Amino acid sequence: MSLLEIRDITKSFGGLTAVNDVSFDVAEGSIVGLIGPNGAGKTTTFNLITGNYRADRGSVTFAGRSLVGMKTHRIVKLGVARTFQNIRLFQQLSALENVLAGRHCRTGAGLLGAMLRLPGQVKEERAAIARALEELHFVGLQERSLELAKNLAYGDQRRLEIARALASDPKLVILDEPAGGMNEQETDQLVELIARIKARGITILLIEHDMSLVMRACEHIVVLEYGEKIAEGSPKAIQANPRVIEAYLGTEEV
Ligand SMILES: Nc1ncnc2c1ncn2[C@@H]1O[C@H](COP(=O)(O)OP(=O)(O)OP(=O)(O)O)[C@@H](O)[C@H]1O
């Protein structure tokens, strides 16, 4: 069954059509990769899913509900969480506080309850902290929970963004170049982390230029070029597809 259905989405910026009539599905429980050359429209596609941009045409349906025109915070509440190509952490806050910010959408107590320190609020806060620590442990950052985000190594900041996304109880996690700036060992660990996220029953859609990661981690790959989908299929089929090789992969061994 498809968790996410994208149909004929189009988005233009002035005269430039960044995404042109793109359709694809993300099956529940799967790991799908979105690849293509620089400027192909990958991040724009993500922004159309997460409500950062509104599609000019087409539909985005998540768990049977249309996301078009929905505000980002509502989309997060429905179960779509993301990380960013250019890391967007609260640099002056601790790792733990960053993950708590990701949990915020699932905590109910309002400002008054927080100010009055009502018992329900205190209990909820404790539960949120426990959950945030679990997510830090899950991504391997348990030792760094009180470190400011800005003091974390680049690869650790990427993993912290993943922990923050997971804290929002997503059904779908969207990762924008999660291996960007990572060394080989960190990338290997990321492949393993992605598999463990899937094992939790969470569906994953990712953009990545590191083909060793894409081919190892993804079950299904969608290829964009100049805003259009030029291919989709299994890693094996994509690696052998002449159009994809010409547009993006080249003739090098991947
Ligand atoms: N907000 C915007 N305003 C104007 N043009 C934009 C905007 N966002 C993206 N574009 C343009 O749309 C095209 C697609 O960009 P997009 O970032 O989606 O590509 P991408 O496939 O994610 O590229 P990369 O791999 O380099 O991240 C590019 O030509 C880009 O310059």
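A brief report on the enclosed structure follows. (Residues numbered from 1 in each chain as written. Predicted model: local features only at pLDDT ≥ 70, side-chain atom pairs only at ≥ 80, totals over all residues.)

1. Observations regarding the overall build of the protein
(1) Moving on: What the protein contains, in helices and strands, is 10 helices and 10 strands.
(2) Moving on: Relative to the globule expectation of 18 Å for 254 residues, the C-alpha radius of gyration of the protein, 19 Å, shows essentially globular dimensions.
(3) Moving on: Each of the three principal axes of the protein carries a C-alpha extent, and together these read 60 × 40 × 35 Å.
(4) Moving on: Across the 254 residues of the protein, 39% fall into the buried class.
(5) Moving on: Taking all contacts inside the protein whose residues are at least 6 apart in sequence as the whole, residues at least 24 apart take part in 66%. (Helix = DSSP H or I, 4+ residues; strand = E, 2+ residues; numbered from the N terminus. Rg over C-alpha atoms; globule rule 2.2 N^0.38 Å. Buried ≥ 20, exposed ≤ 12 C-beta atoms within 10 Å, placed from the backbone. Contact = placed C-beta atoms within 7 Å.)

2. Side note on the site of the ligand
(1) Moving on: Around the ligand, the surrounding shell consists of Phe13, Leu16, Ala18, Gly36, Asn38, Gly39, Ala40, Gly41, Lys42, Thr43, Thr44 and Gln85.
(2) Moving on: Looking at which element gives the most residues to the shell around the ligand, the answer is helix 1 (residues 42-49), with three residues.
(3) Moving on: By residue class, the composition of the shell around the ligand is four nonpolar, seven polar and one charged. (Near = placed C-beta within 6 Å. Nonpolar A, V, L, I, M, F, W, Y, C, P; charged D, E, K, R; others polar.)

3. A look at the nonpolar core
(1) Moving on: In this structure, Ala163, Val173 and Ile204 are the most contacted members of the largest nonpolar core, which totals 67 residues.
(2) Moving on: For this core, the leading source of residues is helix 6 (residues 154-166), giving five residues. (Core = buried A, V, L, I, M, F, W, Y, C linked by C-beta atoms within 7 Å.)

4. Brief notes about the sheet that holds strand 10 (residues 228-233)
(1) Moving on: As summarised here, the arrangement of the six strands in space is 6-7-8-3-9-10, forming an open sheet in which the pairing is mixed. Edge positions in the open sheet fall to strand 6 (80-82) and strand 10, since each of these has one partner strand only. Taking the axes of each pair of neighbouring strands and ignoring which way they run, one obtains an average angle of 20° across the sheet.
(2) Moving on: Here strand 3 (residues 31-35) runs beside strand 9 (residues 220-225); their pairing, made up of four bridges, is parallel. (Pairing = 2+ DSSP bridges. Axes fitted to C-alpha atoms, helices over the stretch in contact; angles between N-to-C directions.)

5. Considerations on the sheet that holds strand 1 (residues 2-13)
(1) Moving on: Read across the open sheet, the four strands follow the order 2-1-4-5; overall the sheet is antiparallel. Strands at the two margins of the open sheet, each flanked by one partner only, are strand 2 (16-27) and strand 5 (65-66).
(2) Moving on: As judged from the two bridges shared by strand 4 (residues 57-62) and strand 5, these two strands associate in the antiparallel manner. Within strand 5, the position partnered with Thr61 by the bridge is Ser66.
(3) Moving on: Contacts from helix 1 reach strand 1, strand 2 and strand 4 within the one sheet, and its direction differs from that of strand 2 by about 65°.

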